[in-house]
Amino acid sequence: MPRPILAESNIHPAIRDKIASHEQGLVQEVQAAVAKHDVVVVGMGLNPFPKQARKALDAAGVAYQYLEYGNYFNNWRKRNALKLWTGWPSFPMVFVKGTLVGGASDLVKLMDSGELKKMLA
């Protein structure tokens with residue numbers, strides 16, 4: 001699934017390090033959680049959709065790790081690093097066995113179809 005990403009040759013050498021290091025601590029924190037836990041939900045406060053994803057997982061008895069980064073009023077620049085890393089435009093970001101499966105409605109579809117159980121088996 002190719003997606004357009006600006007080629008490094010089209011980025012001035014003086015800013016490459018700045019781009020490469022932008023909020024990488026946050027990205028690495030999420031990567032570590034995804035490597036450690038079967039299900040990870042990355043969200044933000046005041047957003048109802050991460051709550052919906054967590055509620056669905058709770059109702060199904062599926063254990064998960066939840067990471068929350070700010071809300072609509074703060075930390076949006078930090079959260080942008082996660083969007084750039086994944087290509088996913090919104091929160092939550094739900095990972096199952098290391099795979100980004102989408103947001104809350106995508107998770108519910110996986111649960112309803114039985115695919116989530118297969119992924120976790």
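Everything numeric here is computed off the predicted structure, so don't read it as measured data. (Residues numbered from 1 in each chain as written. Predicted model: local features only at pLDDT ≥ 70, side-chain atom pairs only at ≥ 80, totals over all residues. Heavy atoms only, no water.)

Trainee: Tell me what's going on with the layout of surface pockets, and back it up with residues and numbers.
Mentor: Roughly 390 Å³ of internal volume is contained in the largest pocket. Forming the walls of the largest pocket are R3, I5, K18, I19, H22, Q24, V27, A81, K83, L84 and W85. Elements with a contribution of two residues or more to the lining of the largest pocket: α1 (13–21), α2 (24–36) and α4 (76–86). Sorting elements by how many residues they give to the lining of the largest pocket places α4 first, with four residues. Here the residues of the lining of the largest pocket sort into six nonpolar, two polar and three charged. (1 Å grid on protein atoms, 1.4 Å probe; cavity = no way out; pocket = protein on both sides within 12 Å on 5 of 7 lines; lining within 4 Å. Points joined across faces, edges and corners; volume = space filled by probe spheres on them. Helix = DSSP H or I, 4+ residues; strand = E, 2+ residues; numbered from the N terminus. Nonpolar A, V, L, I, M, F, W, Y, C, P; charged D, E, K, R; others polar.)

Trainee: Requested: an account of the side chain of N71, with residues and values cited.
Mentor: Structurally, N71 can be placed in strand β2 (residues 65–71). For N71, a relative accessible area of 19% gives the class buried. In this structure the side chain of N71 is engaged in a polar contact, spanning 2.6 Å, whose partner is the backbone nitrogen of F73. In this view, N71 contacts M44, G45, L46 and R79; residues no more than four positions away in its chain are not counted. (Buried < 20%, exposed > 50% of the residue type's maximum accessible area, 1.4 Å probe, protein only. Polar contact = N/O pair within 3.5 Å; in protein donor to acceptor, adjacent residues only side chain to side chain. Contact = heavy atoms within 4.5 Å.)

Trainee: So what's going on with the pairing of strand β3 (residues 93–96)? Residues and values would help.
Mentor: Residues M93 and F95 line one face of β3 and the alternating positions V94 and V96 line the opposite face, and both faces are buried. Taking the residues that link successive antiparallel strands as the turn, the β3-strand β4 (residues 99–102) hairpin has two residues, and the phi of K97 there is positive, at about 50 degrees. (Pairing = 2+ DSSP bridges.)

In short, the description is geometric, and any link to function would need to be established separately.
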